[in-house]
Amino acid sequence: MKAKSWYVVAFCLMATLLIEASSCTSKSENASTTATAAELMAGSTESSDPLENLKLGNARFCSGKSIHLHQDTAKIRELVAGQHTKAVVVSCSDSRVPPEIVFDQGLGDIFTIRTAGHVMSDFEEGSVEYAVEHLHTSLVVVLGHESCGAIGAMLEHADDHHVPGHIAAIVDCLKNEPEEQEVLQAGGEDINDRAIRANIVHGVKQLRESDPILSHLYKEGKVQIVGALYHIGNGEVEFLEL
């Protein structure tokens, strides 16, 4: 009986030591993971320049190294007091181009305005004005994308008015853009790509010339208004020289 008791005690001690060793290893691995995350946060993950910040985020997204900043409960609680967005992004509603994801941003980082073909009326311009005037956002990005359905519909119905429902209003808005009219008149095999880029150019011009708020702030250099093109195939955002 005594021998059996000794074996039981020895077995319990061995089990305890194995559990403790496993726990230490797990803690060590967790500490290593935490350190890596801290290193990432301390590295080139965020910039004081809002445009550079978006470029860094897109580079992470394209390389498969998104770190999903500002997507936790602590950030939720912080934002209760108010928002101070880094950038306004006016983009298409296309589900393949969510700005927060392609720029690897989180809660409170981007003031997003989305419509099909990123067409803008007074409502959208007013939304941009709100972010710039009241949230003190110093960067506005007009983000178009490849394979845009709104541009495709505009090209398909360039010579007719057989567009159903309220989609007609979007197509007509696009067809009436001076930049698009030039593209339609020129024609050519690459018309789709040129039409997409022309729509971005129009959106940038529209905001830069929008009175009384945006044009004034743009001319004074208090807000950047830039254009960008999202490449569907690889996730890259190309910032255009406009």
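Residues numbered from 1 in each chain as written. Predicted model: local features only at pLDDT ≥ 70, side-chain atom pairs only at ≥ 80, totals over all residues. Heavy atoms only, no water.

Looking at this structure, how should I read the overall build of the protein chain?
Scanning the protein chain for helices and strands turns up ten helices and five strands. Per-residue burial for the protein chain yields a buried fraction of 39% across its 242 residues. Sequence-distant contacts in the protein chain: of pairs separated by 6 or more residues, those separated by 24 or more amount to 65%. Per element, the accessible surface of the protein chain, about 13900 Å² overall, is 57% carbon and sulfur. (Helix = DSSP H or I, 4+ residues; strand = E, 2+ residues; numbered from the N terminus. Buried < 20%, exposed > 50% of the residue type's maximum accessible area, 1.4 Å probe, protein only. Contact = heavy atoms within 4.5 Å. Areas by Shrake-Rupley, 256 points an atom, 1.4 Å probe, with all protein chains shown as cover.)

Teacher, can you tell me more about helix α9 (residues 191-208) here?
Structurally, the α-helix is built with 3.6 residues per turn, so residues lying three or four positions apart point the same way. Here α9 contains 18 residues, and its C-alpha end-to-end distance of 25 Å stays within 8% of the 26 Å for a straight helix at 1.5 Å per residue. Taken as a whole, α9 has its buried residues at Ala195, Ile196, Ala198, Asn199, Ile200, His202, Gly203, Val204, Gln206, Leu207 and Arg208. (Expected span 1.5 Å × (residues − 1).)

What is the right way to look at the pattern of salt bridges in this model?
Pairing between side chains of opposite charge can happen when the charged atoms of each approach one another. Within this structure, the stated rule accounts for nine salt bridges. The partner of Asp109 in a salt bridge is Lys86, and the shortest N-O contact between them spans 3.5 Å. Of this pair, Asp109 sits in the loop between α4 (99-102) and β2 (110-115) while Lys86 sits in the loop between α3 (73-79) and β1 (87-92), and the two are 23 residues apart along the sequence. By relative accessible area, Asp109 is classed as buried at 3%. Assessed through its relative accessible area of 22%, Lys86 is described here as partly exposed. Taking the shortest distance from any N to any O, the salt bridge between Lys222 and Glu220 comes out at 3.1 Å. For Lys222, a relative accessible area of 55% translates into the label exposed. Looking at Glu220, the relative accessible area reads 42%, which means it is partly exposed. By sharing partners, the salt bridges in this structure join Asp193, Arg197 and Glu238 into a single network. (Salt bridge = Lys/Arg side-chain N within 4 Å of Asp/Glu carboxyl O.)

Just checking my understanding: could you explain the environment of Val132 for this structure?
Looking at where Val132 falls in the secondary structure, it is placed in helix α5 (residues 122-134). Looking at Val132, the relative accessible area reads 7%, which means it is buried. A C-alpha to C-alpha distance of 8.9 Å links Val132 and Ala87, two positions 45 residues apart in sequence. Not counting the four nearest positions on each side in its chain, Val132 is found in contact with Thr137, Val140, Leu214, Leu217 and Val223.

I would appreciate a short explanation of the packing of helix α6 (residues 149-156) against α9 in the present structure.
Relative orientation and spacing of two packed helices are given, respectively, by the angle between their axes and the distance between those axes. One way to put it is that α6 packs onto α9 with a least axis distance of 10 Å and a crossing angle of 120°. The crossing of α6 and α9 is right-handed. Where α6 abuts α9, its residues Ile151, Met154 and Leu155 lie against Ile191, Asn192, Ala195, Ile196 and Asn199. In terms of residue class, the contact of α6 with α9 is made up of six nonpolar, two polar and no charged. (Axes fitted to C-alpha atoms, helices over the stretch in contact; angles between N-to-C directions. Left-handed = near helix turned anticlockwise from the far one by under 90°. Nonpolar A, V, L, I, M, F, W, Y, C, P; charged D, E, K, R; others polar.)

Whenever I open this one, the pairing of β1 confuses me. Can you help?
Regular strands show a simple pattern: their side chains alternate between the two faces of the sheet. Of all six residues that make up β1, six are buried, and the element is covered over most of its length. As judged from the six bridges shared by β1 and β2, these two strands associate in the parallel manner. Counted as the bridge partner of Val88 is Phe111 from β2. In this sheet, strand β3 (residues 139-145) lies alongside β1 in parallel orientation, the contact comprising four bridges. Bridging from a neighbouring strand, Val88 pairs with Val140 of β3. (Pairing = 2+ DSSP bridges.)

When you look at the state of the cysteines in this model, what are you seeing that I'm missing?
With the rule as written, the count across this model stands at zero disulfides. Its sulfur unpaired, Cys92 is 4.2 Å from the next cysteine sulfur, which belongs to Cys148. (Disulfide = S-S within 2.5 Å.)

Looking at this structure, I do not really get the sheet that holds β2. What am I missing?
Across a sheet, strands are paired by hydrogen bonds formed along the backbone, either parallel or antiparallel in direction. Spatial strand order, β2-β1-β3-β4-β5: five strands in an open sheet with mixed pairing. Edge strands, defined here as strands with exactly one partner in the open sheet, are β2 and β5 (237-239). Adjacent strand axes in the sheet meet at a mean angle of 25° when their direction is disregarded. In the sheet, β3 pairs with strand β4 (residues 224-230) via seven bridges, with the strands oriented parallel. Bridging from a neighbouring strand, His145 pairs with Tyr230 of β4.

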